[in-house]
Amino acid sequence: MTNAYLPGFLNGSIFTGPTKIACVPGLSCYSCPGALGSCPIGAMQFVLASREFSFSLYITGFLVTVGALSGRFTCGWLCPFGLFQDLLNKIPFRIKITEVKGDRYLRLIKYALLLVFVILFPLFVLDIAGQGEQGFCKWICPSGAFMAGWPLFAANAGIRGAVGFLFAWKNLILIGLILVSIIVYRPFCRYLCPLGTIYGWFNPVSLYRFHINESKCEKCGTCQDACKLNIPVFEKPNSPECIRCNDCIHACPSGSIQKGIAGREHTVYDIKT
Amino acid sequence: MDQNHRTNAVIPTAIVIVGILLMVFGIGRGEALLVLMKAIRICLECVGIG
């Protein structure tokens with residue numbers, strides 16, 4: 001819905017309307033031809049990289065607001081790149097890995113990427129004009145390569161003529177992630193995404209939260225078995241890694257996992273028959 | 001709603017208010033316009049040109 005400017009895909013151009021003053025909650029590149037809003041991580045880097053500001057009140061406020069409202073709900077339900085990885089993981093393949101070896105340490109990568117590429121690069125890696133470098137967008141972001149790079153490369157001759165090493169590098173990361181996503185559920189969200197990292201900090205304190213009914217929970221571990229991110233939901237219902245996909249709620253045999261909004265508990269009924 | 005649930009709602013509500021205030025201050029000092037100026041031009045870093 002936030003990438004609905006269809007003429008952009010045909011013309012190889014991007015939307016230039018005023019709605020781009022606002023950020024969208026998910027990791028959605030503002031140079032995607034269809035984008036109607038801005039990417040909060042891209043916008044954060046650009047503000048930090050500017051000569052005018054060394055801290056972004058606007059984007060920090062946006063991230064705090066979205067995080068405090070719903071934590072990583074955005075990751076599970078609103079992020080286009082998350083959806084892309086979901087679809088890739090549905091491709092049938094002999095091997096599907098839920099428990100990744102070294103998972104605990106691999107999860108630290110996203111914190112390093114947030115600190116180094118999203119914050120330090122724009123502030124301290126400067127060109128001769130004093131403009132900072134948007135490290136994450138430039139060197140890492142596979143969402144930008146997929147949502148902006150591919151469509152613009154296909155439809156814009158000027159872009160096609162200008163690509164070089166960086167385009168190849170970013171596509172190497174993207175293609176690697178595409179292949180891994182078939183085997184491992186959402187590898188980018190798990191190990192690389194700085195936006196999900198920030199939203200994850202709010203999972204334990206957001207208005208939208210999970211709650212375990214201790215009197216009903218038998219600690220059978222069915223929730224963890226159902227969780228594609230291998231989270232022990234019965235112990236950590238508001239883990240920073242949880243993307244609120246609700247698989248655990250549907251799987252729980254005793255109905256012990258409840259969603260809560262503004263402190264009110266709502267029992268979830270599985271409408272699947 | 002019992003006391004515990006009220007407390008659970010107060011903290012995130014306070015954080016949301018802080019977030020909104022930050023956004024308002026940020027918009028007031030021109031950050032949003034800066035974001036718009038960036039977003040309406042093709043981001044060469046994002047595409048992979050540099």
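Everything below is about the structure printed above this text.
Residues numbered from 1 in each chain as written. Chains lettered and ligands numbered in written order. Predicted model: local features only at pLDDT ≥ 70, side-chain atom pairs only at ≥ 80, totals over all residues. Heavy atoms only, no water.

## A look at the overall build of chain A
The number of helices and strands found in chain A is 15 helices and 3 strands. Rg of the C-alpha trace for chain A: 20 Å, near the compact-globule value of 19 Å for 273 residues, within the 12% margin. A principal-axis box enclosing the C-alpha atoms of chain A has dimensions of 60 × 45 × 35 Å. Looking at chain A residue by residue over its 273 residues, the buried ones come to 55%. Long-range contacts, defined here as pairs at least 24 residues apart, represent 70% of the contacts in chain A between residues at least 6 apart. Accessible surface, chain A: about 12,500 Å² in total, of which carbon and sulfur atoms supply 68%. Side-chain charges in chain A split into 24 positive and 14 negative, and the spacing between the mean points of these groups amounts to 5 Å. (Helix = DSSP H or I, 4+ residues; strand = E, 2+ residues; numbered from the N terminus. Rg over C-alpha atoms; globule rule 2.2 N^0.38 Å. Buried < 20%, exposed > 50% of the residue type's maximum accessible area, 1.4 Å probe, protein only. Contact = heavy atoms within 4.5 Å. Areas by Shrake-Rupley, 256 points an atom, 1.4 Å probe, with all protein chains shown as cover. Lys, Arg positive; Asp, Glu negative; His and termini not counted. Charge placed at Lys NZ, Arg CZ, Asp CG, Glu CD.)

## Focus on the packing of aromatic side chains
Residue and element names in this part refer to chain A. In the structure shown here, the tally under the stated rule is 12 aromatic pairs over all chains. Measuring from centroid to centroid gives 5.1 Å for F153 and F167, while their planes differ by 20 degrees, and the two rings are stacked. Separated by 14 residues along the polypeptide, F153 in helix 9 (residues 142-155) and F167 in helix 11 (residues 165-183) bring together distant segments of the chain. The structure contains a cluster of three or more aromatic residues connected by ring pairs, namely F81, F84, F146, W150 and F188. (Phe/Tyr/Trp six-rings, centres within 6.5 Å; stacked < 30°, edge-to-face > 60°.)

## So, the state of the cysteines
The term disulfide refers to a covalent linkage connecting the sulfur atoms of a pair of cysteines. Applying the stated rule across the entire model yields 1 disulfide over all chains. Residue B:C43 pairs covalently with B:C46 via a disulfide, S to S 2.3 Å. For the disulfide bridge between B:C43 and B:C46, the dihedral angle about the S-S bond is near 75 degrees, and by the sign convention the bridge is right-handed. On the accessibility criterion, B:C43 (0% relative accessible area) is buried. With no disulfide of its own, A:C39 has A:C137 as its nearest cysteine by sulfur position, at a separation of 6.2 Å. (Disulfide = S-S within 2.5 Å.)

## Some thoughts on the pairing of strand 1 (residues 208-212) of chain A
Residues and elements named next belong to chain A. With 4 of 5 residues buried, strand 1 is to be regarded as a mostly interior element. Sheet topology places strand 1 next to strand 2 (residues 257-261); 5 bridges connect them, and they run antiparallel. The partner of F210 across the bridge, within strand 2, is K259. (Pairing = 2+ DSSP bridges.)

## Considerations on the pattern of salt bridges
Residues and elements named next belong to chain A. All told, the structure shown has 11 salt bridges over all chains when counted by the stated rule. Two residues, E241 and R107, come together in a salt bridge whose shortest N-O distance is 3.9 Å. Remark: R107 occurs in the loop between helix 6 (103-106) and helix 7 (109-124) and E241 occurs in the loop between helix 14 (222-226) and helix 15 (247-251); sequence separation between them is 134 residues. Residue E241 shares its accessibility class with R107, and that shared class is buried. In this structure, D247 engages K228 in a salt bridge whose closest nitrogen and oxygen atoms are separated by 2.8 Å. One end of the pair, D247, is in helix 15; the other, K228, is in the loop between helix 14 and helix 15, and 19 residues separate them in sequence. In this structure D247 comes out as partly exposed when scored by relative accessible area, which is 24%. Residues joined by salt bridges that share partners form a network here, namely R72, D103, R107, K110, R190 and E241. (Salt bridge = Lys/Arg side-chain N within 4 Å of Asp/Glu carboxyl O.)

## So, the packing of helix 2 (residues 40-49) of chain A against helix 2 (residues 31-39) of chain B
Remark: helix 2 of chain A packs on helix 2 of chain B, axes separated minimally by 10 Å, with the N-to-C direction vectors making an angle of 110 degrees. One finds that helix 2 of chain A runs roughly perpendicular with respect to helix 2 of chain B. Judged by the sense of rotation from one axis to the other, the crossing of helix 2 of chain A with helix 2 of chain B is right-handed. On helix 2 of chain B, the residues touching A:A43, A:F46 and A:V47 of helix 2 of chain A are B:E31, B:L34, B:V35 and B:K38. Within the contact of helix 2 of chain A with helix 2 of chain B, the residues separate by chemical class into 5 nonpolar, no polar and 2 charged. (Axes fitted to C-alpha atoms, helices over the stretch in contact; angles between N-to-C directions. Parallel < 35°, antiparallel > 145°, perpendicular 65-115°, else oblique. Left-handed = near helix turned anticlockwise from the far one by under 90°. Nonpolar A, V, L, I, M, F, W, Y, C, P; charged D, E, K, R; others polar.)

## Some points on the side chain of A:T65
Tracing the backbone through its elements, the reader meets A:T65 in helix 3 (residues 57-70). Taking the relative accessible area as the measure of exposure, A:T65 reaches 9% and is therefore buried. A polar atom in the side chain of A:T65 sits 2.7 Å from the backbone oxygen of A:G61. Look past the residues within four positions of A:T65 in its chain and what remains in contact with it is B:V16, B:G19, B:I20 and B:M23. (Polar contact = N/O pair within 3.5 Å; in protein donor to acceptor, adjacent residues only side chain to side chain.)

Coordinates in, geometry out; function isn't part of it.
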